[in-house]
Amino acid sequence: MSLHDQIDLIRTNLDFKLKVATTEQHVEQLRIEFLGKKGSVSALLSTLGAMDAEERKGAGAQINLLKTDVAQAIEERATILKSAALDARLKAETVDITLPLQPAPTARGRIHPISQTIDEITAIFSDMGFSIAEGPDIETDYFNFTALNFPEGHPAREMHDTFFMKMGADGVKKVLRTHTSPVQVRVMQKTNEKPAASYITPAMDPPIRVVMPGRTYRNDSDQTHTPMFHQVEGLVIDKSSHIGQLRWVLEEFLKAYFEVPNVTLRFRPSFFPFTEPSMEVDVQCDRSGSEVKIGEGSDWLEILGCGMVHPNVVRNAGLDPDIYQGFAWGMGIDRIAMLKYGMPDLRAFFDGDQRWLDHYGFRPLDLPTLFGGLSS
Amino acid sequence: MKFTLDWLKEHLDTDASADEIGKTLTMIGLELEGMEDQGKALSAFVTAHIVSATQHPNADKLRVCKVDAGTGELIDVVCGAPNARTGLKSVFAFPGTYIPGKDMTIGKGNIRGQVSNGMLCSNAELELSNDHDGIIELPEDAPIGVKYTDYAGIDGVVFDISITPNRGDATGVYGIARDLAAFGLGTLKATDMSPVPSRGKSPIAPLPQQFSADEPKAIRKFAGRYLKGIKNGPSPAWLQQRLRAVGLRPINTIVDITNLVSLGWGRPLHAYDADKLDGQPVLRNARNEAFDALDNKVYTLDETMTVIADDTGPLCLGGVMGGIRSGVTDGTVNVFMECASWDPELIARTGRKTGIVSDARYRLERNVDPALTEPGLELATRLVLELCGGEPMEPAISGEDVFPDTVVTFPLAEVKRLTGLTVEPMIVTAILSRLGFEMSGKGDVLTVKVPSWRPDVTQKADLVEEVMRMVGVDNVPVEPLARLNHVAPRMLTNIQNRRRIARRALAARGLDEAVTWSFISHDDATRFGGGSEGLQLANAIASDMTDMRPSLLPGLLAAARRNANRGIADLAIFEVGQVFLSDAPEGQHTYATGLRTGTARLAGSGRHWSGKAEPVGVFDAKADLGAVLDALGYDIDKVQLFAEPAPWSHPGRGGRVAQGPKTLGWFGELHPAWAAELDIAGPVAAFELDLDALPEPRKKATKTKPALDLSALMPLTRDFAFVVDKAVTAGAILKAARGADKALIRDVVVFDVFEGSHVGEGKKSVAIEVTIQPSDKTLTEEEIDRISAGIIAAVTKQSGGVLRT
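Residues numbered from 1 in each chain as written. Chains lettered and ligands numbered in written order. Predicted model: local features only at pLDDT ≥ 70, side-chain atom pairs only at ≥ 80, totals over all residues.

Explanation requested: the overall build of chain A in the structure shown.
From N to C terminus, chain A includes 13 helices and 10 strands. Looking at chain A residue by residue over its 376 residues, the buried ones come to 42%. Within chain A, contacts between residues separated by at least 24 positions form 65% of all contacts whose residues are at least 6 apart in sequence. (Helix = DSSP H or I, 4+ residues; strand = E, 2+ residues; numbered from the N terminus. Buried ≥ 20, exposed ≤ 12 C-beta atoms within 10 Å, placed from the backbone. Contact = placed C-beta atoms within 7 Å.)

Pasting the structure below:
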């Protein structure tokens, strides 16, 4: 067989075999069959040694061309098959990405509106230079009433629907605090005694600027009253603070809290035993729609009580009311939370109904800050 | 307190409109709660005659009435009032009339098979009073088919104001007029209270005050007057209308006069039918005796109360309510009128004890002007003579009034100091003098004498309030509260931060934050380790809210039960809140407590294509507890873990976490027996963490973090499996392995635990992977073998187990 015929045979043979080769392994076998040491192209090359110089020159060129062509054809086929194999794999691995995930834990857990509101209040007052003060829920009559200028038997005590405790081990009858004001007394009192527990805020020297959130209790229950509720109270004691500054603090707080550019407040003289003068404060609002809108409209909504700290309270704390003065205010946390977030029924706050918590609760990473906004 | 515009104008000469007066009342501290033009609101109601009333055939408590409302035909009306009877004259509302007390419009209807075209009304339904015991009863001679407002003289504006406890002086229309006059809304008109000459000696002597020395004496001065030969009966129309307009039912002239003086001048009186007295009345402490009061109830009295009594027994519970036995009726001829001043505190105490709410108590427990005791009696005498005739005898007076006679030194600068507002001295003095304060002294400091009707004013700040409420707080200029001259210190304490972080950490693990009641049932409190006497409420509002909670779990478990009843079986909730271990301040701790029910695990709950969720278990609770500890800077693997579960926990699936002698918390699966008793279905995994028990973080000398020491050498791992007794804990094995070479062993994890027959009865296999980190040079095979041998020796020694080969 002539060299030419041999080359043609190899080419034909290769063409056919490559066409039927369907896997990369198969192509690799063909590489060995044609180009390997014992392969047909290599066999042809080995015939060159027996040729004279002239003949070798022509045949060598032909055989080398064959070798290059064979290698290229094999490589091309291998590339095609490799790519097809990858395509097939990718196709096989394709999934339905619309399948829903389990909700992330952060998408499920919620912060209670009361905690969120306390964090919002904290953010605002921290910017005004206040710190948070706390005291116990089970209080003595002295801290809850007497030190706050509620005389024994005064009808003002009856305004409070007090829960009384049965006689304790120490022989003292205590009450559940009816307001957060006892904390005022604990903070103001002149004493070197360390508090009985680390959560109780130690007494401070003026100037005092504290806010006091906490649980409070009254023997009362209807749609807007629950026997347990939450109050936040503020106290400023120094040598010069007056009602003008009280007005500023309240206006700034309410603007920041309700996240509105303006609020209009109405101060009405009122009576609290622990402040003198005492005032109740109404905020202007719009109640025409289904929700209460603060900062607009022509209705008034009672929102808090306040006043100058009563000289008797200052005196009871061991300070001279002719030197030290200041103001205090208090409001319902649950109430302002209801107002801001439109929650209709106070009783639902304490039920632990998962549907309510998921609906009215806040995302765990919705941290109220002034730099990031109180609410999203 | 309610009063009409007409009534006010009797004491105040003013041109101000009702709106202006209403607004002013609020701004001077007499908060307006309601203002209504009653004539307009009630103009649709007419007088009517019940021609017949028969039993409803289908309802025991209903009657079918034929009503003549002046239209010329009889109207069928079904009425449920017990006093709806044939012949009664009452008040009728045609269909289409708005009933204010019910907030509804009455229609034509059919009540249990009987036609009813309108409504017969009670005082409560017309919002004239709280009296809803039955429909209004009109006198027999009342006309039929006229507007009820015309007939009853209900006309004009009625104000309803709320009076703060310090303002006893404003419990009468006169006192309200004085405040409005001080504001500048008119001129106060004086009342003639001059003595009325007597016609003879009183048949009743001044009441002896027979109080024993150690018993409370509520009475100060008792002034009584015998009025002889009066003619009682219904009071004149103007008086009846005045009382009706403010919600009082006219009784008879004498009683109506006492009410007029009580509401008009804030001076309660009481009248006795003198002919019903048995002997000379005296003032004494009550005994353990029964008293038939005018509200038709019987009260049991005790020695802390004061009564006016005769030889038979108590006639009147002093300052609170009169008795039936000596009540004045239409037929009364001789009256003994009482005007007494009382100790407000004792009136309040008696009121609280008996639960009696009366107009007299309302005023006397606040304060009644002690200067009005005798003048009040003279005023009443004058009204009786005018309306009932008769002869007044000499007043019978015992005891002395108590006048505080307060004098306050008042630097005018005090107004500016407390309010920030500059008020001209002239305005200050004008306001105070119109309110009845007497001033002397000149210049910057005044001496102010407080009037007898304002015992609430005792010091400078009180005078500032008087000035301020008349000037208006809204006129105080707003001034920013200047910052203190340093950066605000940290706002939250450690425990406050811990609560905040614990909440966010748990919510981020998919638990919802609940807030549950601080009080729980006594059973639950006792079950969870509380229930002591000092933590029980003496006056609980409900039987399941009697005890301060010793744990947050009962509240959360109750919430879980409620949720389960709503079909939510997979629940993850927590609370961060106070528990009460004793009634002392230090007995209050803040716990972070959470629970998961059903399949509510970290990764998700319920059925899902990615795999079915397993029921919650002890390790879910441990993971939650560990996550909170971690968020607070504590590693659960570094605190002590004990297989000593809480009583509520499954004894083999729970543990206690401690640091040194302090227990930090517990975790575990709810004990099946407890679950059954608490009516909780399905698995519950819970934990409790006492945030107050965590040690305060040590104050660090520097905020700089320790240098990061990164090794250039590759770490290597070796696996070991040990066969140990089932009771040997993984914790003990880990501890032993870690301790084998503290310098080179960086980490040990348990990667497999199993039991089975091939490891032996009562045995288990625990496989660990140890990571060894060479420090300064690569370890040789011999060195690694030596470390491995050390690990094996340490673990087998500690656990009594053997290396599995």
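What exactly am I supposed to notice about the overall build of chain B here?
Counting secondary structure elements, chain B contains 20 helices and 42 strands. Here the C-alpha coordinates of chain B stretch approximately 130 × 85 × 55 Å along the principal axes. Counting all 805 residues of chain B, 44% fall into the buried class.

Just checking my understanding: could you explain the confidence of the model for chain A for this structure?
Close inspection of predicted coordinates is inappropriate in any region flagged by low pLDDT. For chain A, per-residue confidence averages 91 on the pLDDT scale, and residues scoring 70 or more make up 99% of the total. Of all the helices and strands in chain A, helix H8 (residues 155-158) of chain A carries the lowest mean pLDDT, 70, while helix H13 (residues 354-360) of chain A carries the highest, 97. (pLDDT = per-residue confidence, 0-100.)

Quick question: what am I supposed to make of the sheet that holds strand S13 (residues 157-161) of chain B here?
Hydrogen bonds between backbone groups are what pair the strands of a sheet, and the pairing can be parallel or antiparallel. Residues and elements named next belong to chain B. Here we have three strands laid out as an open sheet, ordered S1-S13-S3, and antiparallel in their pairing. For this open sheet the edge positions go to strand S1 (2-4) and strand S3 (32-37), each flanked by a neighbour on one side alone. Sheet twist, expressed as the average angle between the axes of neighbouring strands with direction ignored, equals 20 degrees. For S1 and S13, the ladder comprises three bridges, and the chain directions are antiparallel. Its bridge partner lying in S13, Thr4 is registered against Val158. Set on the sheet, helix H2 (residues 18-27) makes contact with S3 and S13; between it and S3 the angle comes to about 170 degrees. (Pairing = 2+ DSSP bridges. Axes fitted to C-alpha atoms, helices over the stretch in contact; angles between N-to-C directions.)

How should I be thinking about the interface of chain B and chain A in this particular structure?
Where interface size is given, it is often the accessible area lost as the parts come together that is meant. Across the boundary between the two partners, chain B contributes 87 residues, which contact 82 residues of chain A. For the side of chain B that touches chain A, the element with the highest residue contribution is helix H14 (residues 494-508) of chain B, accounting for eight residues. Of the residues contributing to the side of chain B that touches chain A, the split by class is 43 nonpolar, 21 polar and 23 charged. (Nonpolar A, V, L, I, M, F, W, Y, C, P; charged D, E, K, R; others polar.)

Even after reading the chapter, I still don't get the packing of helix H2 (residues 24-35) of chain A against helix H4 (residues 53-93) of chain A, so can you show me in this structure?
When two helices pack together, you describe them by how their axes are tilted relative to each other and by the distance separating the axes. Residues and elements named next belong to chain A. The contact between H2 and H4 brings their axes to 9 Å, and the two run at 170 degrees. The angle between H2 and H4 falls in the class roughly antiparallel. Each of Glu24, Val27, Leu30, Arg31, Phe34 and Leu35 in H2 lies in contact with H4, whose residues at this interface are Val70, Ala71, Ile74, Arg77, Ala78, Leu81, Lys82 and Ala85. Looking at the contact of H2 with H4 residue by residue, the class counts come to 10 nonpolar, no polar and four charged. (Parallel < 35°, antiparallel > 145°, perpendicular 65-115°, else oblique.)

I tried to follow the confidence of the model for chain B on my own but got confused; where do I start?
Here chain B averages 92 in pLDDT, and 100% of its residues register 70 or above. Scoring the predicted complex yields pTM 0.86 and, for the interface, ipTM 0.90.

Just to check I follow, could you spell out helix H7 (residues 253-265) of chain B for this structure?
Note on helix geometry: an α-helix contains 3.6 residues per turn, so any two residues three or four positions apart are oriented the same way. Residue and element names in this part refer to chain B. With 13 residues, H7 extends 18 Å from end C-alpha to end C-alpha; this agrees with the ideal 18 Å at 1.5 Å per step. When you tally the buried positions in H7, you get 13 out of 13 residues, the bulk of the element. Among the residues trailing H7, Gly266 stands out with phi positive, at a value near 70 degrees. (Expected span 1.5 Å × (residues − 1).)

Teacher, can you tell me more about the nonpolar core here?
The nonpolar side chains of a soluble globular protein tend to be buried with one another. Core analysis: the biggest nonpolar cluster contains 197 residues, and Leu120 and Ala380 of chain B have the highest contact counts within it. When near neighbours in sequence (up to four residues on either side) are disregarded, Ala380 of chain B contacts Ile257, Thr258, Val261, Leu269, Met337 and Cys339 of chain B. If you look at the next biggest cluster of nonpolar residues, it comprises 68 residues, including Met228 and Phe349 of chain A together with Leu557 and Phe667 of chain B. (Core = buried A, V, L, I, M, F, W, Y, C linked by C-beta atoms within 7 Å.)

Which parts of the structure should I look at to understand helix H19 (residues 730-739) of chain B?
Taken together, the buried positions of H19 of chain B are occupied by Ile733, Ala736 and Ala737 of chain B. Down the axis of H19 of chain B, the sector holding all buried residues measures 95 degrees, keeping them to one side. (Arc of directions from axis to C-beta.)

Just to check I follow, could you spell out the sheet that holds strand S4 (residues 46-55) of chain B for this structure?
Residue and element names in this part refer to chain B. As summarised here, the arrangement of the five strands in space is S6-S5-S4-S7-S12, forming an open sheet in which the pairing is antiparallel. The open sheet has two free edges, formed respectively by strand S6 (74-79) and strand S12 (119-120), since each of these has just one partner strand. Examined bridge by bridge, S4 and strand S5 (residues 63-68) share six bridges and lie antiparallel to one another. Counted as the bridge partner of His49 is Asp68 from S5.

Where do I start with the pairing of strand S7 (residues 89-93) of chain B in this structure?
Strand residues, when the strand is regular, have side chains that alternate between the two faces of the sheet. Residue and element names in this part refer to chain B. The element S7 is extensively covered by neighbouring structure, given that five of its five residues are classed as buried. Here four bridges tie S4 to S7, and the two strands are oriented antiparallel to one another. Note that in S7 the partner of Thr47 across the bridge is Val91. In this sheet, S12 lies alongside S7 in antiparallel orientation, the contact comprising two bridges.

Could you clarify how one ought to interpret the environment of Ile323 of chain A in this entry?
Here Ile323 of chain A shows up in the loop between helix H11 (311-316) and strand S10 (325-332). Counting along the chain gives 313 residues from Ile323 of chain A to Ile10 of chain A, while the straight-line C-alpha distance between them is 115 Å.

I keep staring at unusual backbone geometry and nothing clicks. Help me out?
If a residue is not glycine, its phi is most likely negative; likewise, a peptide bond is most likely trans. A cis amide bond, omega 0 degrees, links Pro206 of chain A with the succeeding residue Pro207 of chain A. You can see Pro207 of chain A is positioned in the loop between helix H9 (181-188) and strand S4 (208-217). One non-glycine residue with positive phi stands out, namely Glu259 of chain A, at about 55 degrees. Relative to the assigned elements, Glu259 of chain A resides in the loop between helix H10 (243-258) and strand S6 (265-272). The phi dihedral of Asp405 of chain B is positive, around 50 degrees, even though this residue is not glycine. Looking at where Asp405 of chain B falls in the secondary structure, it is placed in the loop between strand S26 (396-399) and strand S27 (407-411). Overall, Asp405 of chain B belongs to the exposed group, with 8 C-beta atoms counted inside 10 Å.

Is there a simple way to think about the pairing of S6 of chain B in this case?
All names here are of chain B. Where S5 meets S6, six bridges bridge the pair, whose relative direction is antiparallel. Across the sheet, Lys66 pairs through a bridge with Asp76, a residue of S6. Two successive antiparallel strands, S5 and S6, enclose a turn made up of five residues, where Gly70 displays a positive phi of approximately 80 degrees.

Help me out: how do you make sense of the environment of Arg56 of chain A in this one?
Residue and element names in this part refer to chain A. Its location among the elements puts Arg56 in helix H4. A tally of 15 C-beta atoms within 10 Å means that Arg56 is categorised as partly exposed. In contact with Arg56, not counting residues within four places along its chain, are Leu48 and Met51.

Teacher, can you tell me more about the environment of Asp776 of chain B here?
Tracing the chain through its elements places Asp776 of chain B in the loop between strand S41 (763-772) and helix H20 (781-799). Through-space distance from the C-alpha of Asp776 of chain B to that of His522 of chain B is 65 Å; in sequence the pair is 254 residues apart.

Where do I start with the packing of H7 of chain B against helix H10 (residues 373-388) of chain B in this structure?
Residue and element names in this part refer to chain B. Contact pair H7 / H10: the axes reach a minimum separation of 10 Å and the direction vectors enclose 140 degrees. Looking at the two axes, H7 sits oblique to H10. The handedness of the crossing between H7 and H10 is right-handed. Along its contact with H7, which presents Thr253, Ile254, Ile257, Thr258, Val261 and Trp265, the element H10 presents Gly376, Leu379, Ala380, Leu383, Val384, Leu387 and Cys388. Looking at side-chain class alone, the contact of H7 with H10 contains 10 nonpolar, three polar and no charged residues. (Left-handed = near helix turned anticlockwise from the far one by under 90°.)

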